[in-house]
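Working through the structure, step by step
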Amino acid sequence: MEKKTPLYETHVKYGGKMVPFGGFILPVQYETGIKKEHMAVRTAAGLFDVSHMGEILVSGPDSLKYLNYVLTNDFTDMEDWQARYSPMCNENGGTVDDLIVYKRGDNDYFVVVNAANTEKDYNWMCSHVPEGCDVKLVNDSDNWCQLALQGPKSPEILAKIAAPESIPEVYYTAIFNGKVGDIDCVVSRTGYTGEDGFEIYSAAENAPALWEMILKAGEEFGILPCGLGARDTLRMEAAMPLYGNDMDDTVSPKTAGLGFAVKMDKDDFIGKDALVADQPLARRRVGIKVTGRGIVREHCDVYRDGEVIGHTTSGTFLPYLGGSYAMAIVDSSKREIGAPVQVDVRGRMVDAEQVKLPFYKRSK
Amino acid sequence: MIDPKELKYSKSHEWVRYDGDDVVIGISDYAQESLGDLVFVNLPEVDDELTVGEALGDVESVKAVSDIISPVSGKVTEINEALLDSPEMINEDPYDAWFVKVTDVQETEDLLSADEYDEFVKEEEA
C-alpha cells in the first residue's frame, strides 16, 4: 500500500500525473511535461516534492566513531551545519545506500537517505552498532517534509521569502534554524540536479504552505513544479548516481565512480577489506553517448569490438543536451574514453562512444 | 482535442484514415498524451509487410517505449520521415502526424468509430 506525501492533494490540484515510487505516490510530471520541467530547472527554477526521502537521527557520545565505521566517508573534520555525502557499504564492499550526513552539533547528526531504502537503512544501521558503541538511532522520517528548489534563479526566489541568515551561502552547508516566510525550516544548499539550489526541510504539516509560497515567489522567474521524470533526467545529465540502478548491494561505490567519498586511509569501516581486495578496480563506471539512432536505457549490454564489456545502469534522452546518454559499468581493461562501442537496444545494435562524466556541468 | 469523426480507431489507440483502398495510420490524442513528450520514433521501411495485431514500430517518450500496433495487414508504401527528426510533432498534432501509408490492405481488425473510441477511452480512464 503506497504512502502519500503531505503534498498529495497539492500535486493533484496542479495536474500531477501520479505514479508509485519508492513506496510513495508522487507525480512523474505535470501537464507541462518532462522536457519543459527539465529545461525550467536548467534555465530558471523548478520545485520538487522530495518528502518521500528518509531522515535518521544519530546522537550519543560515540556518534562520530559510529558514522566513520558504518559509512565510507570520513566525518572527523566536519563543521557544525556542514553536509557530507557518503555511500554505506556491506561486508562485500557492495552499496547498501548512498546518503547525506549533516552535522547539527557535536554528537548530533541528521542523516538523509533514499526513500526506497529508509526501512532497510534504519535496520542496517541499528544492527551494525559495534560492541560498546554508545549511539542512539531514531527513524524520524514521518515527521519531515522536504521540498527541493533548484535552478539558477533559486537564490533570488528564496531571497524574496527568507532572510539572509536563513540562506546558506556555501554548497553542502545548511541553516538549521532557518525560516521561510514564518515557517521553521532547515535550508540546505544541496540538490540532485546539477544546478544551484536548495533542499528545504520542515515539519510535515508545513509542506502545502511552503509549496505555495515558493511557487508564488518564483512565478515572475518562470518557476515550474517538477515531477520525478525531470528529477531523473536532470540527475542523469549531471551524472549523479541513482541507487538501485547505478549501484546496488553488488556494486562497490568505487566501481560506481564514488571513490571521492570512500576514505581508505581511515580506521576500519564496513566493507573496507573487500574494497582493499578490489584494487585495482575490476569494473568501472563510464559515460555512454549515443552517436547512432536510438535511446539507450538501463540493462543493455555494451559491446566493444564484438564482445560484451559491460552493461548500462541508467540511460535516457537528456533534454538539455538533446541526445541519448547512459551510464554503464564496464571491464576496466576495456574502458577507454573516446572508444566506440555498440549497445544492444532490444535486439538492435546502436552505435555509441565512451565519454567522460558528467555529461553536463553548470557554468559557475 | 476532439477525435476526428472521419477516422477509425483501434483499441490500442491508433487511428486509421482511408485513402481509397489504402490506409494512413497514426496514434490518437489520448495515446500521445498518455505517453508524454516523445523523443524518438522507430518506423518500418517502405515495402515492409505489416501484420494486423503486430508492432509496426515504436515511439519513445523520455520515460518509456511503446509499440505501435498495426491495425491492418498490408504493405508500407510511404513513411513520414519528418517524424524521425521531430517526434514532438506527434504530441503537437497527433491527427496530422501520420506514421505510415499502407496498400494491399488484407485484414483489418475491428475498428471503432470516433464516438465508440471516445466511450472506450472514458472507460479506460475510469
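Keep in mind the model is a prediction, meaning the values are calculated, not measured. (Residues numbered from 1 in each chain as written. Chains lettered and ligands numbered in written order. Predicted model: local features only at pLDDT ≥ 70, side-chain atom pairs only at ≥ 80, totals over all residues.)

1. Things to note about the overall build of chain A
For chain A, the helix and strand inventory stands at eight helices and 20 strands. Taking 2.2 N^0.38 as the reference for a compact globule, 364 residues should give roughly 21 Å; the C-alpha atoms of chain A span a radius of gyration of 21 Å, in line with that estimate. Dimensions of chain A along its principal axes, counting C-alpha atoms only, are 60 × 55 × 45 Å. Here chain A, with 364 residues, has 49% of them falling under the buried criterion. Considering only residue pairs separated by 6 or more positions, chain A has 66% of its internal contacts joining residues 24 or more positions apart. (Helix = DSSP H or I, 4+ residues; strand = E, 2+ residues; numbered from the N terminus. Rg over C-alpha atoms; globule rule 2.2 N^0.38 Å. Buried ≥ 20, exposed ≤ 12 C-beta atoms within 10 Å, placed from the backbone. Contact = placed C-beta atoms within 7 Å.)

2. Overview of the interface of chain B and chain A
Contacts between the two partners involve seven residues from chain B, matched on the other side by ten residues from chain A. Looking at the side of chain B that touches chain A residue by residue, the class counts come to three nonpolar, one polar and three charged. (Nonpolar A, V, L, I, M, F, W, Y, C, P; charged D, E, K, R; others polar.)

3. Regarding the environment of glutamate 6 of chain B
Residues and elements named next belong to chain B. Mapped onto the fold, glutamate 6 is located in the segment before strand S1 (8-9). Assessed through the 10 C-beta atoms surrounding it within 10 Å, glutamate 6 is described here as exposed. For the pair glutamate 6 and arginine 17, spaced eleven residues apart in sequence, the C-alpha to C-alpha distance is 7.4 Å.

4. Here's the deal with the nonpolar core
In this structure, Leu147, Leu149, Ile288 and Val296 of chain A are the most contacted members of the largest nonpolar core, which totals 123 residues. In terms of residues, this core owes the most to one element, strand S18 (residues 323-331) of chain A, which gives six residues. (Core = buried A, V, L, I, M, F, W, Y, C linked by C-beta atoms within 7 Å.)

5. Some remarks on the sheet that holds strand S7 (residues 65-69) of chain B
Residues and elements named next belong to chain B. Pairing is antiparallel in the open sheet, where three strands are placed in the order S4-S6-S7. A single partner strand is all that each edge strand has here, and the edge strands are strand S4 (38-42) and S7. For this sheet the average axis-to-axis angle between neighbouring strands, irrespective of direction, equals 25°. Here five bridges tie strand S6 (residues 55-61) to S7, and the two strands are oriented antiparallel to one another. Opposite glutamate 60, over in S7, you have valine 65 as the bridge partner. (Pairing = 2+ DSSP bridges. Axes fitted to C-alpha atoms, helices over the stretch in contact; angles between N-to-C directions.)

6. Some details on unusual backbone geometry
Trans is the prevailing form of peptide bonds, just as negative phi is the prevailing case for residues other than glycine. Residue and element names in this part refer to chain A. With omega at -5°, the peptide bond leading from glutamine 279 into proline 280 counts as cis. Within the secondary structure layout, proline 280 lies in the loop between helix H8 (272-277) and strand S15 (283-290). The omega torsion of the bond from leucine 357 to proline 358 falls at 0°, within 30 degrees of zero and hence cis. Mapped onto the elements of the fold, proline 358 is located in the segment after strand S20 (348-355). Unusually for a residue other than glycine, histidine 299 sits at a positive phi of about 60°.

7. Looking at the sheet that holds strand S19 (residues 340-345) of chain A
Residue and element names in this part refer to chain A. With respect to topology, six strands assemble into a closed barrel ordered S15-S18-S17-S16-S19-S20, the strand pairing being antiparallel. Geometrically, the sheet is characterised by an average inter-axis angle of 40° between neighbouring strands, direction not taken into account. Both S19 and S20 contribute to a ladder of six bridges, which runs antiparallel. Within the sheet, the bridge partner assigned to valine 341 lies in S20 and is alanine 352. Sitting on the sheet, helix H7 (residues 228-237) touches strand S17 (307-318) and S18, and the angle it makes with S17 is about 125°.

8. Some words on the environment of serine 63 of chain A
Residues and elements named next belong to chain A. Mapped onto the elements of the fold, serine 63 is located in helix H3 (residues 63-70). Of the residues examined, serine 63 has 22 C-beta atoms within 10 Å and is grouped as buried. On a C-alpha basis, the gap between serine 63 and leucine 210 in space is 32 Å, while along the polypeptide they are 147 residues apart.

9. A few points about the packing of helix H2 (residues 34-43) of chain A against H7 of chain A
All names here are of chain A. Where H2 meets H7, the axes come as close as 8 Å, and the angle between the chain directions of the two elements is 55°. In terms of orientation, H2 and H7 fall into the oblique class. You can see that H2 and H7 cross each other, and the crossing is right-handed. Counting all contacts with H2, which are made through Ile34, Glu37, His38 and Val41, the residues of H7 involved are Gly229, Ala230, Thr233 and Leu234. Considering only residue class, the contact of H2 with H7 consists of four nonpolar, three polar and one charged. (Parallel < 35°, antiparallel > 145°, perpendicular 65-115°, else oblique. Left-handed = near helix turned anticlockwise from the far one by under 90°.)

10. Examining the confidence of the model for chain B
On average, residues of chain B carry a pLDDT of 93, and 100% of them reach 70 or more. As a predicted assembly, this complex carries a pTM of 0.90 together with an ipTM value of 0.76. (pLDDT = per-residue confidence, 0-100.)

11. Structural notes on H2 of chain A
Residues and elements named next belong to chain A. For H2, a buried count of eight out of ten residues is recorded, marking the element as mostly surrounded by other parts of the structure. All buried positions along H2 are accounted for by Ile34, Lys35, Glu37, His38, Met39, Ala40, Val41 and Arg42. Those residues of H2 that are buried are in contact with strand S3 (24-29), strand S4 (46-49), strand S10 (144-150), strand S14 (224-225) and H7.

12. Notes on the packing of helix H5 (residues 154-161) of chain A against helix H6 (residues 207-218) of chain A
When two helices pack together, you describe them by how their axes are tilted relative to each other and by the distance separating the axes. Residue and element names in this part refer to chain A. It is the contact of H5 with H6, at a shortest axis distance of 9 Å, that shows an interaxial angle of 115°. As for how H5 packs across H6, the hand of that crossing is right-handed. Between H5 and H6, the residues in contact are Ile157, Lys160 and Ile161 and Met213, Ile214, Ala217 and Gly218, respectively. For the contact of H5 with H6, the residue count by class is five nonpolar, one polar and one charged.

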